[in-house]
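Structural features, examined
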Amino acid sequence: MFQTTRRRLAIWYTAVTAVLLLVFATGFYFYVRNTLIDRIDDTLNHVVEVIERTLVIEPLTFPTTEDKIKLQVNIQASFRDSTDAVEDDHIDLEWFSPTGELLWSTLSEPLNIPIHANRTGETVWVNHKLRFEGTNQVQERLAAGNVPDVTDLRDRGKRDLTAEAQRVQRGEIRDFDGGLNAGLQENLNLGSEKSIAQNTNRVSTKPISIRTTQNYSLRQVTQRVEIGRQVLGYLRVSHPWFEVTKPIRQLILDLILGAGLTLIGVAAIGWLLSGLAMAPIRESYGRLKQFTADASHELRNPIATIQTNVQVALAEPDIEPQQHQQLQVIERLTRRLGRLVDDLLFLARQDSGIVQQQWIDVPLDALLMEIIEEQQAIATTQNLSLSLEIVDVPHAEDNFTLLGDWDQLARLFTNIVSNAVQYTPSGGQIQVELQLAAKNKRNSPMLHPALQVKVTDTGIGIAAEALPHLFDRFYRADPARTHRSAAGSGLGLAIAKAIVENHRGQIRIDSQVDRGTAVTVTLPAHKSPEIGL
């Protein structure tokens, strides 16, 4: 019980801490991500401002009905010194005409992204195919018997590397197909002149063509450059998105690792703190159990003495009728108090684990016959029909034998049958059924062959809201009930559950008001390995 409570406290403590860590990590992640994005946007906007100040604007005059001076940007003079300046920061520039036509770019391949003014920054995904054309001069020279120099081939291969391939080598483009590198490597590693001559017949007459796919993201800022109402063009500045994704991935890994280690530490600390918090409770509960056991043990002797003296007094032949009646009341109350003390002592010993159990082979059918025989006299007095039905399996021996404590099992089924007799009105029926538990029940947690005892009555029934509390100690489904309920103490079902759990079994109660109650007890059979001596 205490270990379960301690485990729950530790789990709740860890779960709450995990939620707090998740909230903190999520907030910190978005804070860092937005900070990186803002830093890139500020850099792009700063580049836009610098280039805007360095643009060379020239007048353009063309004759009309009235001379109208137009302005234009001198692209060569404006961007002459910008390429080297932005290359170190991995920033690409594009200049568009007022109609959106690309006029100048630091990119070797156009992005094919529609142009629109945007100073706040946006992230775009670039996905286009690249094609690199080689030359057929190698084939011509091989056909003429002139084997090319290997160094010449390597130089030519290096010159075929485009700006996109160089960006791949710098790590700016993450998702880049390896076909480009493989094709170039094949050209650069042709080997010796002898190997080239041997592959003369295998060289195609078609030009060498290499296709690859380029996938990457960019952060872009687009500025519309205008003077007055005249739009001179659009300047678009792009920055690789990997400078955001790369540190963000590392941050995610660090957060996961840090949160995992923190949760492990919190779980260990929670387990320790929950144990320290429950130590006083465990000590108090232990003292309470000890007191209950001591009090019950000390009360047994006085109660037995009182009951003996009352029985002696009732045996006197010349006792007055009024005194005889009073002694019967005392004797009845003493017997009830004795049963209560026995129940308390049994539960106290059960909780303390000091019950000396005597495991033997118990024929459950024979035990139930004895109990029915004992309760039959009371049932007949109250005009009740009490019967036992044993559903036997043919061609099997010891069908209903289990390993258990005879006295505890007798007490278990005596409590159940006596409750049925007590709360069934006159003329009712009580049926006790013994059979092997069905093995095809998927929801049954019994993994081994089991015996099932079902006690069904046509009594007054139990309300649905009271069913979950029936096994609580001293709980009475209806404290105001007067129908032969004075003898009950509220401990019978608590003792029954303790005995069933002690035998690794299960007990279930189904009931409907004014229709009756069914108590089902399932116990592992004789060959169950879960019960040891």
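Because the structure is predicted, anything quoted here is derived from the model rather than measured. (Residues numbered from 1 in each chain as written. Predicted model: local features only at pLDDT ≥ 70, side-chain atom pairs only at ≥ 80, totals over all residues. Heavy atoms only, no water.)

**Regarding the packing of aromatic side chains**
Under the defined criterion, the tally for this structure stands at two aromatic pairs. The interplanar angle of 15° and the centroid separation of 6.1 Å between the aromatic rings of Phe24 and Phe28 together place this pair among those described as stacked. Remark: Phe28 and Phe24 occur in helix 1 (residues 2–54); sequence separation between them is four residues, near one turn of the helix. Between the aromatic rings of Tyr29 and Phe30, the centroid separation amounts to 5.1 Å while the plane-to-plane angle is 75°, which identifies the pairing as edge-to-face. (Phe/Tyr/Trp six-rings, centres within 6.5 Å; stacked < 30°, edge-to-face > 60°. Helix = DSSP H or I, 4+ residues; strand = E, 2+ residues; numbered from the N terminus.)

**Quick word on the sheet that holds strand 12 (residues 429–436)**
Pairing within the open sheet is mixed, and its five strands lie in the order 10-12-13-15-14. The open sheet has two edge strands with one neighbour each: strand 10 (385–390) and strand 14 (506–512). For this sheet, the mean inter-axis angle between neighbouring strands, taken without regard to orientation, is 10°. Bridge count for strand 10 against strand 12 is six bridges, and the pairing is parallel. Pairing of Glu389 across the sheet is with Glu433, part of strand 12. On top of the sheet, helix 11 (residues 364–381) reaches strand 10, strand 12 and strand 13 (450–457); it is set at about 170° to strand 10, its chief contact. In the packing of helix 12 (residues 406–422) onto the sheet, the strands contacted are strand 10, strand 12, strand 13, strand 14 and strand 15 (516–524), and the crossing angle to strand 15 comes to about 170°. (Pairing = 2+ DSSP bridges. Axes fitted to C-alpha atoms, helices over the stretch in contact; angles between N-to-C directions. Contact = heavy atoms within 4.5 Å.)

**Some remarks on the pairing of strand 11 (residues 401–405)**
In terms of residue burial, strand 11 counts as a mostly covered element, since five of its five residues are buried. Burial of the side chains of strand 11 extends over both faces: Thr401, Leu403 and Asp405 are buried on one face and Leu402 and Gly404 on the other. Pairing of strand 9 (residues 359–363) with strand 11 involves five bridges; the strand directions are antiparallel. Residue Pro363 lies in a different strand from strand 11, and its bridge partner there is Thr401. (Buried < 20%, exposed > 50% of the residue type's maximum accessible area, 1.4 Å probe, protein only.)

**Some words on the pattern of salt bridges**
Under the counting rule described, the total for this entry stands at five salt bridges. In this structure, Asp41 and Arg219 form a salt bridge, with 2.9 Å as the shortest nitrogen-oxygen distance. A residue pair is termed long-range when its members are at least 10 positions apart, and Asp41 in helix 1 and Arg219 in strand 7 (residues 209–227) qualify at 178 residues. For the pair formed by Asp41 and Arg219, the shared burial category is buried. Two residues, Glu226 and Arg224, come together in a salt bridge whose shortest N-O distance is 4.0 Å. (Salt bridge = Lys/Arg side-chain N within 4 Å of Asp/Glu carboxyl O.)

**Quick notes on unusual backbone geometry**
In this structure, Asn383 is a non-glycine residue whose phi angle is positive, near 60°. Residue placement: Asn383 occurs in the loop between helix 11 and strand 10. With a phi angle near 65°, Asp514 is a residue other than glycine that sits in the positive phi range. Of note, Asp514 is situated in the loop between strand 14 and strand 15.

**Remarks on the packing of helix 11 against helix 12**
The geometry of helix 11 relative to helix 12 is characterised by a closest axis approach of 10 Å and an angle of 40° between their N-to-C directions. Judged by the sense of rotation from one axis to the other, the crossing of helix 11 with helix 12 is right-handed. Within the contact between the two elements, helix 11 uses Leu364, Leu367, Leu368, Glu370, Ile371, Gln375, Ile378 and Ala379 and helix 12 uses Trp406, Leu409, Ala410, Phe413, Thr414, Val417, Ser418 and Val421. Counted by class, the contact of helix 11 with helix 12 contains twelve nonpolar, three polar and one charged residues. (Left-handed = near helix turned anticlockwise from the far one by under 90°. Nonpolar A, V, L, I, M, F, W, Y, C, P; charged D, E, K, R; others polar.)

**A look at the nonpolar core**
Counting residues in each nonpolar core, the largest one holds 43 residues, and the members touching the most others are Leu364, Leu412, Phe413 and Val521. Taken together, the elements giving at least two residues each to this core come down to helix 10 (321–352), helix 11, helix 12, strand 12, strand 13, helix 13 (492–502), strand 14 and strand 15. Of the residues forming this core, the biggest block, eight residues, is contributed by helix 12. In contact with Leu412, other than residues within four places in its own chain, are Ala496, Ile499, Val500 and Val521. If you look at the next biggest cluster of nonpolar residues, it comprises 24 residues, including Ile37, Leu44, Ile91 and Val225. (Core = buried A, V, L, I, M, F, W, Y, C linked by side-chain atoms within 4.5 Å.)

**Concerning helix 11**
Between its terminal C-alpha atoms helix 11 stretches 26 Å, which fits the 26 Å expected from 18 residues at 1.5 Å a residue. For helix 11, the principal kink sits at Gln375 and spans about 35°. Those residues of helix 11 not exposed but buried are Leu364, Leu367, Leu368, Ile371, Ile372, Gln375 and Ala379. Elements that come into contact with the buried residues of helix 11 comprise strand 9, strand 10, strand 11, helix 12, strand 12 and strand 13. Where helix 11 ends, the next residue or the one after it, Asn383, has phi of about 60°, a positive value. (Expected span 1.5 Å × (residues − 1). Bend = angle between axes of the 7 residues up to and from the residue.)

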